[in-house]
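Chain by chain, the residues run as shown.
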Amino acid sequence: QVQLVESGGGLVQPGGSLRLSCAVSGSIFTIYTMGWYRQAPGKQRELVATITSGGSTNYADSVKGRFTLSRDNAKNTMYLQMNSLTPEDTAVYYCNGDIRNSRTYQRFDYWGQGTQVTVSS
């Protein structure tokens with residue numbers, strides 16, 4: 001089993017900041033690209049940002065310059081620093097990982113359960 005657990009969501013005022021974390025645990029052989037996605041009410045899930053195992057990042061245009069994605073490979077953890085938040089950033093944020101399982105040796109897309117981010121005054 002591989003588990004992805006998000007933390008750090010919550011309520012923040014416009015212009016504020018939050019830092020999301022995604023910790024991966026379980027039968028991990030290799031963690032390849034990881035990423036954050038979000039889904040606002042009534043909308044489809046959308047890409048926020050991705051990061052390769054080597055640290056190369058890719059951001060959605062809507063978050064460029066405001067969000068910073070990083071990962072600590074030694075801790076199997078990914079972080080999303082979100083600054084200058086607006087109400088349009090309100091959504092459930094999901095962690096995603098392309099991971100090879102050490103027990104089955106299968107490579108699979110794993111998802112966390114999601115963490116709510118609400119930006120409101």
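1. Quick notes on the pattern of salt bridges
Thinking step 1. Evaluation of the coordinates by the stated rule reveals five salt bridges.
Thinking step 2. With its nearest N and O atoms 2.9 Å apart, the salt bridge here joins Arg38 to Asp89. Of this pair, Arg38 sits in strand S4 (residues 28-39) while Asp89 is found in the loop between strand S8 (77-82) and strand S9 (91-101), placing the two residues 51 residues apart along the sequence.
Thinking step 3. In this structure, Asp61 engages Lys64 in a salt bridge whose closest nitrogen and oxygen atoms are separated by 3.1 Å.
Thinking step 4. Residue classification places Asp61 among the exposed residues on the basis of a relative accessible area of 64%.
Thinking step 5. Through salt bridges with shared partners, one network takes in Arg38, Glu46, Arg66 and Asp89.

2. Remarks on the environment of Thr33
Thinking step 1. Within the fold, Thr33 resides in strand S4.
Thinking step 2. Classification of Thr33 by relative accessible area gives partly exposed; the value is 31%.
Thinking step 3. Through-space distance from the C-alpha of Thr33 to that of Gln81 is 18 Å; in sequence the pair is 48 residues apart.
Thinking step 4. Not counting the four nearest positions on each side in its chain, Thr33 is found in contact with Thr50, Ile51, Thr52, Arg71, Asn96, Gly97 and Asp98.

Rules used throughout
- Residues numbered from 1 in each chain as written.
- Predicted model: local features only at pLDDT ≥ 70, side-chain atom pairs only at ≥ 80, totals over all residues.
- Heavy atoms only, no water.
- Salt bridge = Lys/Arg side-chain N within 4 Å of Asp/Glu carboxyl O.
- Helix = DSSP H or I, 4+ residues; strand = E, 2+ residues; numbered from the N terminus.
- Buried < 20%, exposed > 50% of the residue type's maximum accessible area, 1.4 Å probe, protein only.
- Contact = heavy atoms within 4.5 Å.

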